[in-house]
Amino acid sequence: MRSRFVATTLVATLATAVSCRLDARDDYLGDKDPKQFALGHAAAPAQMAALDVDVSPNGAGLPSGSGTAASGAAIYAGSCASCHGDNGEGKPPYPQLIGGPKGDVDFSTDAKIPRTIGNYWPYATTLFDYIRRAMPLTAPGSLSADQTYAVTAYLLSREGVIPDTTRLDARSLAAIQMPARHRFVDDDRTGSRGGKNVR
Amino acid sequence: MTEKPISRRTLITGAAVAASGALLTSLPSEAQQATTPAIPATPPGAAQAVPVDPTKAPGAPTTPVGTRSPFVSPARSPVGEITGASLTPLQAFSGTITPADLHFTRNHAGTPTIDPATHTLLIHGLVDRPLELTLADLKRFPATTHTYFVECAGNGRSAYRTPKPEMTPQQVDGMISNSEWTGVPLATLFREAGVKSSAEWFLAEGGDACLMARSVPVRKAREDALVVYAQNGEPLRPEQGFPIRLLLPGWEGNVNVKWLRRIKLATEPFMTRWETSKYSDPLPGGKVRWMSFEMDAKSLITSPAYPERLSGPGWWPVTGLAWSGRGRITRVDVSTDGGKHWVDAELLTPTTTKAMVRFQHMWHWDGGESLLMSRATDDNGYVQPAMAQLRAVRGPGTDYHFNPIRAWRVAADGTVTFEANT
């Protein structure tokens, strides 16, 4: 009796072990999927570096190179003004970049108040990131790092954020404190203040 | 390619009808179709002959791809936009699913053409195993299928800023569509890559000409985020992100990054243009709300609506769509007297989370002037606000996530127009 019970248990255990191994499932936390499916392939460092174009507010991701407002003015005139206007005043639907009201502005009172770089952009790094990603509209990615720094410097100086003599590079761009930074607050439509409340 | 089968079918139909001696009539003109969208395309088969009695001759032969009846011609509008929107003709539909070829689009640098054989998704940053996945790889993961709406953060803005009575449901709130999506839970891919516990945000980047990029909290991946490759049973349409897009249920359209090519895990948001100076909401006191992902509960009557005209008093179904980015619609109330009285409308379809539901209220119109309204409630107890309530809370200058109660005015002659002041 006893030996037969042991034998049966042993066979059952072995069968369970084999079936587990056969379908390679890791039934942890009740999840029937394995932790990994071993699909895809390891990304090559060179390929990751080629795609890794993002820029963070602390300056991470900014390339080497530099530029000034003086050289940026010429690039702006040649590559940007046709959509954004000679003085960054915008040509709808292309937005105004320069010349919005500064200081104590309440944008919620009127949608027509121009939201420009100096009054509505919380980080200067965003300007570089966006120009590098998407501008100019008809030839994105065509500006060099130096040219992108230069256009960024031109726009920031026209908005009075930096002197027009500043040479922008990875370090000086990340150090800029934007006038609009203090405006931005987190979403309060959820949690204890949100939920059923209209906010 | 399209010319040949059409002309051949027309010939065959024409010959068969001629042989049977049946009379031919032409298709009804656009003006005769009372419920046609305001900006219709020319029906593709407009030149096709229509037999008076289609039972007296064989019909058209089979074709590789179906077409709409030449009598219906729903169309997105406007078209030709590289950096703009093209809106869904909500008034043309029944039920809740948006036909894939009529899903709204809002692009920032046009629709790219991407070869699925070479497109990859890179997952890197704060992960143990940086991964590159092809579409074929993604299809080997366990799939999941859900119905969710996608709504542009700016849906309804133009009806607020530049309202006019002659606006269709499409023109009022047509930057929303509802589809069955199939793909892989982002959580599965994150587990595959071994996302580190320090990762709180990820950048989702598209492969279009603006390298669309948005920062997303990792918690959304733990909740319900998907990487999808199919829409209503077929591969994504190019305008919806072929071959793959991010699908973040209930969250503003822009963050559902199309043509997804890269996900980078990080500790902090990246502060791209689209999440700072673009899709943010000014608030009273000079503040600006950012990372405001969720779409508030909303509803819209799609019929009766402009340009319909009620032919006379009697029973009319008041029908429309409701949705919430925070959960499930629990009820929709309809008013036919401008909000003085409300009745609990029937919900015609299952109410699942972050998906459209269709409502209906059978209305006996007495022929008098009426103001039709709908009001959605979701499972948080959130009730769609009146315009005045929304403006009081957010200020008149804020118009993203814009979800006021909408109204349609029915005149004694049966004409229906959009009423912006509710």
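Residues numbered from 1 in each chain as written. Chains lettered and ligands numbered in written order. Predicted model: local features only at pLDDT ≥ 70, side-chain atom pairs only at ≥ 80, totals over all residues.

Engineer: With reference to specific residues and values, describe the overall build of chain A.
Structural biologist: Broken down by element type, chain A carries eight helices and four strands. When the elements of chain A are put in sequence order from the N terminus, they spell out α-β-α-β-α-α-α-α-α-β-α-β. Across the 199 residues of chain A, 32% fall into the buried class. Contacts in chain A between residues at least 24 apart in sequence constitute 55% of all its contacts with a sequence separation of at least 6. (Helix = DSSP H or I, 4+ residues; strand = E, 2+ residues; numbered from the N terminus. Buried ≥ 20, exposed ≤ 12 C-beta atoms within 10 Å, placed from the backbone. Contact = placed C-beta atoms within 7 Å.)

Engineer: Residues and numbers for the interface of chain A and chain B, please.
Structural biologist: Each side of the interface is counted separately: chain A has 48 residues, and chain B has 57 residues. Among the secondary structure elements, those contributing two or more residues to the side of chain A that touches chain B are strand S1 (41-42), helix H2 (45-51), helix H6 (124-134) and strand S4 (184-185) of chain A. Counting residues per element, the side of chain A that touches chain B draws most heavily on H6 of chain A, which supplies five residues. Among the residues making up the side of chain A that touches chain B, the classes are represented as 24 nonpolar, nine polar and 15 charged. Both S1 of chain A and strand S6 (residues 131-134) of chain B contribute to a ladder of two bridges, which runs antiparallel. Its bridge partner lying in S6 of chain B, Ala 42 of chain A is registered against Leu 131 of chain B. (Nonpolar A, V, L, I, M, F, W, Y, C, P; charged D, E, K, R; others polar. Pairing = 2+ DSSP bridges.)

Engineer: Hey, could you go over the pairing of strand S9 (residues 201-206) of chain B for me, with residue numbers and the actual values?
Structural biologist: Looking along a regular strand, one sees the side chains alternate between the two faces of the sheet. All names here are of chain B. In terms of burial, S9 is largely enclosed, as six of its six residues are buried. Neither face of S9 is open: one carries Trp 201, Leu 203 and Glu 205, the other Phe 202, Ala 204 and Gly 206, and all of them are buried. Bridge analysis of S9 against strand S10 (residues 213-217) gives five bridges, and the strand direction is antiparallel. What sits directly across from Phe 202, in S10, is Val 216. Once S9 ends, the chain turns through six residues before running back antiparallel as S10, passing Leu 211 with a positive phi of about 45 degrees.

Engineer: Describe the sheet that holds strand S23 (residues 370-378) of chain B, listing the residues and the values that go with them.
Structural biologist: Residue and element names in this part refer to chain B. An order of S20-S19-S23-S24-S25 is seen for the five strands of this open sheet, with the pairing classed as antiparallel. A single partner strand is all that each edge strand has here, and the edge strands are strand S20 (343-344) and strand S25 (416-419). Both strand S19 (residues 329-335) and S20 contribute to a ladder of two bridges, which runs antiparallel. Among the inter-strand pairings, Asp 333 is bridged to a residue of S20, identified as Asp 344.

Engineer: Lay out the sheet that holds S9 of chain B with the relevant residues and their values.
Structural biologist: The pairing of strands in a sheet comes from backbone hydrogen bonds and takes either a parallel or an antiparallel form. The strand order S1(A)-S6(B)-S5(B)-S14(B)-S9(B)-S10(B) describes an open sheet built from six strands, whose pairing is mixed. Edge positions in the sheet fall to S1 of chain A together with S10 of chain B, since each of these pairs with one other strand and no more.

Engineer: Describe helix H7 (residues 145-158) of chain A, listing the residues and the values that go with them.
Structural biologist: Residue and element names in this part refer to chain A. An ideal rise of 1.5 Å per residue puts 20 Å on 14 residues; H7 measures up with 20 Å between its terminal C-alpha atoms. Counting buried positions along H7 gives eleven out of 14 residues, so the element sits mostly inside the fold. When we look at burial in H7, the residues that qualify are Thr 148, Tyr 149, Ala 150, Val 151, Thr 152, Ala 153, Tyr 154, Leu 155, Leu 156, Ser 157 and Arg 158. Elements that come into contact with the buried residues of H7 comprise strand S2 (67-68), helix H3 (69-79), helix H5 (117-120), H6, strand S3 (167-168) and helix H8 (170-174). Positive phi appears at Gly 160, one or two residues downstream of H7, with a value of about 75 degrees. (Expected span 1.5 Å × (residues − 1).)

Engineer: Describe in detail the confidence of the model for chain A, supporting the description with residues and values.
Structural biologist: Mean pLDDT over chain A: 88, with 81% of residues reaching 70 or higher. This model gives residues 9-28 of chain A a pLDDT under 50, and the stretch forms seven contacts once residues within four places in sequence are excluded. (pLDDT = per-residue confidence, 0-100.)

Engineer: If you had to explain the nonpolar core to someone new, which residues and values would you point to?
Structural biologist: In this structure, Val 151 of chain A together with Ala 204 and Val 227 of chain B are the most contacted members of the largest nonpolar core, which totals 138 residues. It is H7 of chain A that provides the largest number of residues to this core, a total of seven residues. Both of domain 2 (105-289) and domain 3 (298-419) of chain B provide at least three residues apiece to this core. Ala 204 of chain B has contacts with Ala 213, Arg 214, Val 216, Leu 246, Val 257, Leu 260 and Ile 263 of chain B, leaving out every residue within four places of it along the chain. (Core = buried A, V, L, I, M, F, W, Y, C linked by C-beta atoms within 7 Å. Domains from an automatic or database assignment.)

Engineer: Describe the environment of His 84 of chain A, with residues and values.
Structural biologist: All names here are of chain A. Relative to the elements of secondary structure, His 84 occurs in helix H4 (residues 81-84). Judged by C-beta crowding, with 21 C-beta atoms within 10 Å, His 84 ranks as buried. Along the primary structure His 84 and Ser 157 are separated by 73 residues, whereas in three dimensions their C-alpha atoms are 16 Å apart. With sequence-adjacent residues up to four places away left out, His 84 is seen in contact with Gly 90, Lys 91, Tyr 94 and Leu 97.

Engineer: Residues and numbers for unusual backbone geometry, please.
Structural biologist: All names here are of chain B. For the bond running from Phe 242 to Pro 243, omega is 10 degrees, close enough to zero to count as cis. Within the secondary structure, Pro 243 sits in the loop between strand S12 (234-235) and strand S13 (245-247). The omega angle of the peptide bond from Tyr 306 to Pro 307 is 10 degrees, so this bond is cis rather than trans. The residue Pro 307 is located in the loop between strand S17 (298-303) and strand S18 (314-323) in this model. Positive phi is not limited to glycine here, since Met 271 has a value of about 60 degrees. Topologically, Met 271 is positioned in the loop between strand S14 (260-266) and helix H7 (273-278). Backbone geometry places His 401, a non-glycine residue, at a positive phi of 50 degrees. Within the secondary structure, His 401 is located in the loop between helix H8 (387-394) and strand S24 (407-410).

Engineer: Outline the environment of Trp 251 of chain B, supporting the account with residue identities and numerical values.
Structural biologist: All names here are of chain B. Checked against the element boundaries, Trp 251 lands in the loop between S13 and S14. Given 25 C-beta atoms within 10 Å, Trp 251 falls into the buried group. Along the primary structure Trp 251 and Arg 326 are separated by 75 residues, whereas in three dimensions their C-alpha atoms are 8.5 Å apart.

Engineer: Tell me what's going on with the packing of H3 of chain A against H7 of chain A, and back it up with residues and numbers.
Structural biologist: In a packed pair of helices, the relevant descriptors are the angle between the two axes and the axis-to-axis distance. Residue and element names in this part refer to chain A. Orientation of H3 relative to H7, taken along the N-to-C sense of each, is 100 degrees, at an axis distance of 7 Å. As judged from the angle between their axes, H3 and H7 are roughly perpendicular. On the side of H3, the interface is formed by Ala 69, Ser 71, Gly 72, Ala 73, Ile 75 and Tyr 76, while H7 contributes Gln 147, Ala 150, Val 151, Ala 153, Tyr 154 and Ser 157. For the contact of H3 with H7, a count of residues per class yields eight nonpolar, four polar and no charged. (Axes fitted to C-alpha atoms, helices over the stretch in contact; angles between N-to-C directions. Parallel < 35°, antiparallel > 145°, perpendicular 65-115°, else oblique.)

Engineer: Describe the pairing of strand S8 (residues 176-185) of chain B, with residues and values.
Structural biologist: Residue and element names in this part refer to chain B. Judged by how many residues are buried, S8 sits mostly within the fold: nine of ten residues are covered. Pairing geometry for strand S7 (residues 144-151) and S8, over eight bridges, is antiparallel. From the neighbouring strand, Thr 145 faces S8, where its bridge partner is Thr 182. Relative to strand S11 (residues 226-231), S8 runs antiparallel, the two sharing five bridges. Pairing of Trp 181 across the sheet is with Gln 231, part of S11.

Engineer: Could you give me a rundown of the confidence of the model for chain B, with the residues and numbers involved?
Structural biologist: Residue and element names in this part refer to chain B. Confidence along chain B averages 91 in pLDDT terms, with 89% of residues attaining 70 or more. Here residues 1-42 scores under 50 on pLDDT; set against residues more than four positions off or in separate chains, the count is 56 contacts. Two summary scores accompany this predicted model of the complex, namely pTM at 0.88 and ipTM at 0.87.

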